Amino acid sequence: MGKRVVVTGVPGVGKTTVIEKALALLGREGITYQPINFGTFMYEVASEEGLVRDRDEMRRLDGQTQKRLQKTAAQKIAGIEGYVLIDTHTSVKTPTGYLAGLPEWVLRDLMPDTIVLVETDEDQILLRRLGDETRVRDREGAKGIAEHQQFNRALAASYAMMTGCTVTVVRNPDFLLDNAATDLADVLR
Ligand code: AMP
Ligand code: MG
């Protein structure tokens, strides 16, 4: 028995916060998911190889290197069984364009049951990025953020076609974190 749920969202949407809160809600009911951060698996290898000093440098590595790190992470995560929640990206914005977070060779390893897109309005994401000093967020306008979210929906549809997984959107607007966490918990339950 088990379930694999992939949770994605553009940087600054509050994905990790919503995940933590949803898992806390489920914990009270005795439902335990193992939270896995895809970027952390990539970063462990990248920092060991001396390629980057922080996780936000990874999306500026050359494409081949990002794909190698991605493949290695997917293979490791594929070996984890049970109820697994994978915090990652539908696509990563790189200097040469959108890089699919779950290309075919990653999907084949992960085989998710569901892909969740955490979204909110682009102007809110813009302000959240400006307010976050713990990360090196991309300097990007609201239009760029809107385009990224739109592209992610298109890409998620193709992931559904490749795997038969379901795709669902969880909205995380300002001041409604509790609702977002409840909605995500409903998906996981
Ligand atoms: P995060 O902490 O979720 O923002 O992830 C940190 C970094 O990990 C991202 O900026 C990407 O460079 C990388 N990353 C995470 N998931 C993926 C993925 N599925 N494919 C490629 N890169 C990823
Ligand atoms: Mg995060």
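Refer to the structure presented above.
Residues numbered from 1 in each chain as written. Chains lettered and ligands numbered in written order. Predicted model: local features only at pLDDT ≥ 70, side-chain atom pairs only at ≥ 80, totals over all residues. Heavy atoms only, no water.

## A closer look at the site of ligand 1
Around ligand 1 sit 14 residues in total, of which Arg55, Gln70, Thr88, His89 and Gly101 are the nearest. Arg59 has a polar side-chain atom sitting 3.1 Å from an oxygen atom of ligand 1. Interatomic distance of 2.9 Å between a side-chain N/O atom of His89 and an oxygen atom of ligand 1. Those elements that provide at least two residues to the shell around ligand 1 are α2 (38-48) and β3 (83-88). Counting residues per element, the shell around ligand 1 draws most heavily on α2, at three residues. Of the residues in the shell around ligand 1, the class split is four nonpolar, five polar and five charged. (Near = heavy atom within 4 Å. Polar contact = N/O pair within 3.5 Å; in protein donor to acceptor, adjacent residues only side chain to side chain. Helix = DSSP H or I, 4+ residues; strand = E, 2+ residues; numbered from the N terminus. Nonpolar A, V, L, I, M, F, W, Y, C, P; charged D, E, K, R; others polar.)

## Looking at the packing of helix α1 (residues 15-27) against helix α7 (residues 177-188)
Each packed pair of helices is defined by two parameters, the angle between the axes and the distance between the axes. Packing of α1 against α7 leaves a shortest axis separation of 8 Å and a crossing angle of 60°. For the crossing formed where α1 meets α7, the hand is right-handed. On the side of α1, the interface is formed by Thr17, Val18, Ile19, Lys21, Ala22, Leu23, Leu25 and Leu26, while α7 contributes Leu177, Asp178, Ala180, Ala181, Thr182, Leu184, Ala185 and Leu188. (Axes fitted to C-alpha atoms, helices over the stretch in contact; angles between N-to-C directions. Left-handed = near helix turned anticlockwise from the far one by under 90°. Contact = heavy atoms within 4.5 Å.)

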